[in-house]
Number of protein chains: 2
Amino acid sequence: MEAAPPGSSRPTEPGPCLSGQRGADHAVSASLQSAAGTEPGRHPLAVAAVLPAGGCGERMGVPTPKQFCPILERPLISYTLQALERVCWIKDIVVAVTGENMEVMKSIIQKYQHKRISLVEAGVTRHRSIFNGLKALAEDQINSKLSKPEVVIIHDAVRPFVKEDVLLKVVTAAKEHGCSDYDLEFGTECLQLALKYCCTKVKLVEGSPDLWKVTYKRDLYAAESIIKERISQEICVVMDTKEDNKHIGHLLEEVLKSELNHVKVTSEALCHAGRHLQQIILDQCYNFVCVNVMTSDFQETQKLLSMLEESNLCILYPVVVVSVHFLDFKLVPPSQKMENLMKIREFAKEVKERNILLYGLLISYPQCLLPCTLEKLVISPWTSNDDQKLQESLRQGAIIIASLIKERNSGLIGQLLIA
Amino acid sequence: MEAAPPGSSRPTEPGPCLSGQRGADHAVSASLQSAAGTEPGRHPLAVAAVLPAGGCGERMGVPTPKQFCPILERPLISYTLQALERVCWIKDIVVAVTGENMEVMKSIIQKYQHKRISLVEAGVTRHRSIFNGLKALAEDQINSKLSKPEVVIIHDAVRPFVKEDVLLKVVTAAKEHGCSDYDLEFGTECLQLALKYCCTKVKLVEGSPDLWKVTYKRDLYAAESIIKERISQEICVVMDTKEDNKHIGHLLEEVLKSELNHVKVTSEALCHAGRHLQQIILDQCYNFVCVNVMTSDFQETQKLLSMLEESNLCILYPVVVVSVHFLDFKLVPPSQKMENLMKIREFAKEVKERNILLYGLLISYPQCLLPCTLEKLVISPWTSNDDQKLQESLRQGAIIIASLIKERNSGLIGQLLIA
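Since this is a predicted model, take the numbers as computed values, not measurements.

Q: Help me get a handle on the overall build of chain A, residues and values and all.
A: A count of helical and extended segments in chain A gives 14 helices and 12 strands. Considering only contacts within chain A whose residues lie at least 6 apart along the sequence, 76% involve residues at least 24 apart. Accessible surface, chain A: about 18,200 Å² in total, of which carbon and sulfur atoms supply 52%.

Shown next, in the form of structure tokens:
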């Protein structure tokens, strides 16, 4: 597996903004590039990374080596690779895996479209694995696309939350203290070994709590919850138009905003060739609430699903789509409408293949005759009692939406939930 | 808050078997009691525990002190108290809390029916809090129900998974090395302090990975997942009779068994005054699948809910009840039946107050005319195609049941899911 050219179909840089602070990350990235000597006009410092990933994960208590344990159905090591790939000044990433896991690793790289990755065979110990990785980088092999680096970062395959600023600290320290090509680990036994056996200066770089290592099964649980939380920070409410201020979609948007603190709720229209929506998808929002008010029950949802399928948003994380339908339970009993809406089960099965988790949500909407928008409704006599009921239904709907997004439960896809 | 007599309405001893190995735990408990000198005919070693719980949890990144952070809506410290309460040879548990949290702590003790707990005011540092706890145990106050112990275990309020065997090791070491009344912490700074300032021998006792401390927010996530996993190890399928081997409930039981590895699936009948079922409840099974085949849609589920409400099973953990209904979607469109089944929303709201999470599940059942059992069905012409479809529906139902039990999502209670 050789380093591939940049410009992949999956958005890798700046990459899924796990911190939820996209703007801030960009700023950090720019200053870091400059500090790492990669700004234009200056000779860039050649940095590579070696990931020893030959362990068998005996402390985990599960048969799968921990670096291959799935989190949201994706192996842990893929999250670590993603974290390193986001750092554009790391030119090559060398992963050391055992012979028996070589094919698994290759398929992971292919499936999640990882770039700049090379594979080497792991040694019998962690240090031998690191050595094999370094050797691959040091050798000027004719058919190798790897370039000899000045600094090599040794990073555990099971520390998926490493951030660019810590990596830069390590690289800067390595440059100053002359430890390049040596194991500059974050204060583990490697540091002691380097001090003992090598004629080199070693420096311990302060890490951050994010650097924690997945060691026990409980760490896998923690990692899954952290990842779920991070990709649940933004919800986009999609409707047929944004121009109509009284659109029921806006009403739902407002309730979502007031019910879900700490979550950014935006709205976008499906019309105008969906350009704004395309941008939301490119910006990696992983949660969509699609409001259906047109004649065909799933017209809006189907449009959105097509856009998502065409994008590559779902490669790294499962995307949640809640297809919302409004119904006056007094005029039309939910049962009557349900027959038709049950089609959602088939859609859900289909899009699950592409890592989209589709759920249906029926919201009670007094005196509403579909197709409609709120504008049409205000003409009809609407009591404050109805208004209260609608508010309560919307609130209930918001709770259900929040639950679905938080859990990303693939066992409940295609269900039609009622608010 | 004084020590209360044993024999509470909530089952505290052996207590919720978090390890899922009830039998093994009993055996351990017996040998431990003997080792701690508490078996009949021998003078029992007087052991007490002090929990410093005055911290503000600054590393957690949340405004609530970590010991009061909720896990499945119950504060973390209650889990730690539960772990200590299970150890019958710990006679008194003294918790040191700040003045401002005194009322919160009292309400936690009352709500979760904790026993043998005394409260003292925390000091400005952890060590002063420990000192206050020790003072309360050491003083022979007239109106104190606390008895002066020979050994005091100092245990962090935020280590909820401590096990009896580790506590026994500590007590045994304390007895041998004469550290009673002193801080025999698990290798923290307390050990250093004891060595430095006290004329006493100190011994470091090897802990276990279970002893980990909830420090960061990720640890709360991990703790929640561990607790959820531990209370999801057993499912009881409840039906109107167990005598009929071909009952649809048994069919569902079989599919659950084959689909859910690592989960113990049992079945019980509601009849015979539900004595067996009462035992299952007493044995602390937290997951029920209730099969409804009688004329009234919710007859079985309502019986089960009454039994659960009368028991005290739900005090410590939310109990999941999945109300299962069978329906031939070809003969009776789900919509037709749904009207009636929608009543589940009201039931669910009601029992949520008592910590029961109720969900509905409709399983497609070819050519079934309710009320029925499989026995009646085998008389009618049944194609292998129908058989396959039933198997697929049951399998789908098992996946949904597993999801509901795993997540314990209170946002989705009262929903009618379709398999």
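There is more to say, and it comes next.
Q: Can you tell me about the sheet that holds strand β4 (residues 90-97) of chain A, naming the residues and giving the values?
A: Sheet strands line up and pair through hydrogen bonds in the backbone, either parallel or antiparallel. All names here are of chain A. Sheet architecture is open: 4 strands sit in the order β5-β4-β1-β6, paired in parallel fashion. A strand with exactly one partner marks an edge of an open sheet, and here the two such strands are β5 (117-121) and β6 (151-154). Within this sheet the neighbouring strands show an average axis-to-axis angle of 25 degrees, counted without direction. In terms of strand pairing, β4 meets β5 through 5 bridges, oriented parallel. Looking across to β5, one finds that Val94 is bridged to Ser118.

Q: Got a sec to walk through the nonpolar core? Specific residues and values, please.
A: Ranked by size, the top nonpolar core spans 234 residues in total, and within it Val95 and Phe288 of chain A together with Val95 and Phe288 of chain B carry the most contacts. Ignoring sequence-local partners within four residues, the contact set of Val95 of chain B consists of Leu51, Ala53, Ile77, Leu81, Met105, Ile117, Ser118, Leu119 and Val120 of chain B.

Q: Describe the pairing of strand β8 (residues 264-269) of chain A, and please don't skip the residues or the numbers.
A: Residue and element names in this part refer to chain A. For β8, the buried fraction is high: 5 of the 6 residues fall into the buried class. In terms of strand pairing, strand β7 (residues 234-239) meets β8 through 6 bridges, oriented parallel. Within β8, the residue paired with Ile235 across the bridge is Val265. Following the backbone out of β7, through helix α8 (residues 248-259) and into the adjacent parallel β8, one traces a crossover that is right-handed.

Q: Outline the packing of helix α7 (residues 217-230) of chain A against helix α7 (residues 217-230) of chain B, listing residues and values.
A: Where α7 of chain A contacts α7 of chain B, the two axes come as close as 8 Å, and the packing angle between them is 115 degrees. On the basis of the axis angle, α7 of chain A is roughly perpendicular to α7 of chain B. Along this stretch, α7 of chain A crosses α7 of chain B, giving a crossing that reads as right-handed. Here α7 of chain A contributes Lys217, Arg218, Tyr221, Ala222, Ser225, Ile226 and Glu229 of chain A to the contact with α7 of chain B, which in turn contributes Lys217, Arg218, Tyr221, Ala222, Ser225, Ile226 and Glu229 of chain B. Residue composition of the contact of α7 of chain A with α7 of chain B, grouped by class: 6 nonpolar, 2 polar and 6 charged.

Q: Before we move on, could you go through the relation of the copies chain B and chain A and cite the residues and values that matter?
A: With an axial shift of 0.0 Å and an RMSD of 0.1 Å, the rotation relating chain B to chain A amounts to 180 degrees. The relationship between the two copies is best expressed as a two-fold rotation axis. When the interface residues of chain B are mapped onto chain A, 100% of them again lie at the interface, so the same face is used by both copies.

Q: A description of the packing of aromatic side chains should follow, citing residues and the corresponding values.
A: The geometry of two aromatic rings is summed up by the distance between their centres and the angle between their planes. Counted by the stated rule, this structure contains 10 aromatic pairs over all chains. Ring centres 5.7 Å apart and planes at 25 degrees place the aromatic pair Phe161 of chain A and Trp212 of chain A in the stacked group. Of this pair, Phe161 of chain A sits in the loop between β6 and α5 (164-177) while Trp212 of chain A is found in the loop between α6 (189-197) and α7, placing the two residues 51 residues apart along the sequence. Site record: aromatic cluster; members linked through ring pairs are Tyr79, Tyr286 and Tyr317 of chain A. Here Arg74 of chain A stacks its cationic end above the ring of Tyr79 of chain A, 3.8 Å away from the centre of that ring. Over the aromatic face of Tyr112 of chain B sits the side chain of Arg74 of chain B, whose NZ or CZ is 5.5 Å from the ring centroid.

Q: Report on the side chain of His247 of chain A, specifying residues and quantitative values.
A: Take His247 of chain A: it is sitting in the loop between β7 and α8. A polar contact is formed between the side chain of His247 of chain A and the backbone nitrogen of Gly249 of chain A, at a distance of 2.8 Å.

Q: Residues and numbers for the pattern of salt bridges, please.
A: For the structure on display, the rule yields 28 salt bridges over all chains. Note that Glu229 of chain A and Lys217 of chain B form a salt bridge whose closest N and O atoms lie 3.2 Å from each other. Taken as a pair, Glu229 of chain A in helix α7 and Lys217 of chain B in helix α7 lie in two separate chains rather than in one. Relative accessible area serves as the criterion here: at 32%, Glu229 of chain A is assigned to the partly exposed category. The closest approach of N and O atoms between Glu254 of chain B and Lys257 of chain B, which form a salt bridge, is 3.9 Å. Of this pair, Glu254 of chain B and Lys257 of chain B both sit in helix α8 (residues 248-259), separated by 3 residues, roughly a single helical turn.

Q: Can you break down the sheet that holds strand β11 (residues 356-364) of chain B residue by residue, with the values?
A: All names here are of chain B. Within the open sheet, the 6 strands sit side by side as β8-β7-β9-β10-β11-β12. Their pairing is parallel. Either end of the sheet is taken by a strand with one partner, and the two such strands are β8 (264-269) and β12 (416-418). Here the average twist between neighbouring strands, direction ignored, is 25 degrees. Packing of helix α9 (residues 275-282) onto the sheet brings it into contact with β7 (234-239), β8 and β9 (287-292), and relative to β8 it is tilted by some 145 degrees. Most of the contacts of helix α12 (residues 344-352) go to β11, to which it runs at about 155 degrees, and overall it touches β10 (319-327), β11 and β12.

Q: Could you give an account of the interface of chain B and chain A, naming the residues involved and the relevant values?
A: In this complex, chain B contributes 32 residues to the contact, which on the side of chain A involves 32 residues. The contact between chain B and chain A buries some 2,900 Å² in all, and 57% of this surface belongs to carbon and sulfur atoms. Counting across the chain B and chain A interface gives 2 salt bridges. Along the contact surface separating chain B from chain A lie 8 residue pairs in polar contact (both at pLDDT 80 or more). Listing elements by their share of the side of chain B that touches chain A, those giving two or more residues are α7, α11 (334-341), α14 (384-407) and β12 of chain B. Class assignment of the residues belonging to the side of chain B that touches chain A gives a composition of 19 nonpolar, 6 polar and 7 charged.

Q: Hey, could you go over the environment of Ser393 of chain B for me, with residue numbers and the actual values?
A: Residue and element names in this part refer to chain B. Along the chain, the position of Ser393 falls in helix α14. A residue is classified by how much of its surface remains accessible, and Ser393, at 8% relative accessible area, is buried. For the pair Ser393 and Glu268, spaced 125 residues apart in sequence, the C-alpha separation works out to 22 Å. Those residues in contact with Ser393 that lie beyond four places of it in its chain are Ile363, Ser364 and Ala419.

Q: Describe α12 of chain B, naming the residues involved and giving the relevant values.
A: Regarding α12 of chain B, the residues found buried are Ile344, Phe347, Ala348 and Val351 of chain B. Angular distribution of buried residues about the axis of α12 of chain B spans 100 degrees; they occupy a single face of the element.

Q: Please set out unusual backbone geometry residue by residue, giving values where relevant.
A: Backbone geometry places Leu72 of chain A, a non-glycine residue, at a positive phi of 50 degrees. In this structure, Leu72 of chain A sits in the loop between β2 (70-71) and β3 (74-75).

Q: Describe in detail helix α10 (residues 299-310) of chain A, supporting the description with residues and values.
A: Residues and elements named next belong to chain A. Its 12 residues give α10 an end-to-end C-alpha distance of 17 Å, which sits within 8% of 16 Å, the value for a rise of 1.5 Å per residue. For α10, every residue scored as buried is listed here: Glu300, Thr301, Leu304, Leu305, Met307 and Leu308. Taken down its axis, α10 places every buried residue within 160 degrees of arc, on the same side. For α10, the elements touching its buried residues are β7, α9 (275-282), β9 (287-292), β10 (319-327), α12 (344-352) and β11 (356-364).

Q: Tell me what's going on with the confidence of the model for chain A, and back it up with residues and numbers.
A: Residue and element names in this part refer to chain A. Predicted confidence across chain A gives a mean pLDDT of 81, with 74% of residues reaching 70 or more. Confidence over residues 12-29 falls short of pLDDT 50; this stretch has 30 contacts with residues more than four positions distant or in other chains. Ignoring residues within four places in sequence, the model shows residues 180-188, a span with pLDDT below 50, making 32 contacts including any to other chains. Scored as a complex, the prediction yields pTM 0.85 and ipTM 0.83.

Q: Tell me about the packing of α9 of chain B against helix α10 (residues 299-310) of chain B, and please be specific about residues and values.
A: Residue and element names in this part refer to chain B. Closest axis-to-axis distance for the α9/α10 pair is 11 Å, and the angle between their directions is 50 degrees. Judged on the interaxial angle alone, α10 and α9 are oblique. As for the relative orientation of α9 and α10, their crossing is right-handed in sense. On α10, the residues that touch Leu277, Gln278 and Ile281 of α9 are Leu304, Met307 and Leu308.

Definitions and limits used
Residues numbered from 1 in each chain as written. Chains lettered and ligands numbered in written order. Predicted model: local features only at pLDDT ≥ 70, side-chain atom pairs only at ≥ 80, totals over all residues. Heavy atoms only, no water. Helix = DSSP H or I, 4+ residues; strand = E, 2+ residues; numbered from the N terminus. Contact = heavy atoms within 4.5 Å. Areas by Shrake-Rupley, 256 points an atom, 1.4 Å probe, with all protein chains shown as cover. Pairing = 2+ DSSP bridges. Axes fitted to C-alpha atoms, helices over the stretch in contact; angles between N-to-C directions. Core = buried A, V, L, I, M, F, W, Y, C linked by side-chain atoms within 4.5 Å. Buried < 20%, exposed > 50% of the residue type's maximum accessible area, 1.4 Å probe, protein only. Right-handed = clockwise from strand over helix to strand, strands pointing away. Parallel < 35°, antiparallel > 145°, perpendicular 65-115°, else oblique. Left-handed = near helix turned anticlockwise from the far one by under 90°. Nonpolar A, V, L, I, M, F, W, Y, C, P; charged D, E, K, R; others polar. Least-squares fit on C-alpha atoms with pLDDT ≥ 70 in both. Phe/Tyr/Trp six-rings, centres within 6.5 Å; stacked < 30°, edge-to-face > 60°. Lys NZ or Arg CZ within 6 Å of the ring centre and 35° of its normal. Polar contact = N/O pair within 3.5 Å; in protein donor to acceptor, adjacent residues only side chain to side chain. Salt bridge = Lys/Arg side-chain N within 4 Å of Asp/Glu carboxyl O. Buried area = accessible area lost by both parts, 1.4 Å probe. Arc of directions from axis to C-beta. Expected span 1.5 Å × (residues − 1). pLDDT = per-residue confidence, 0-100.

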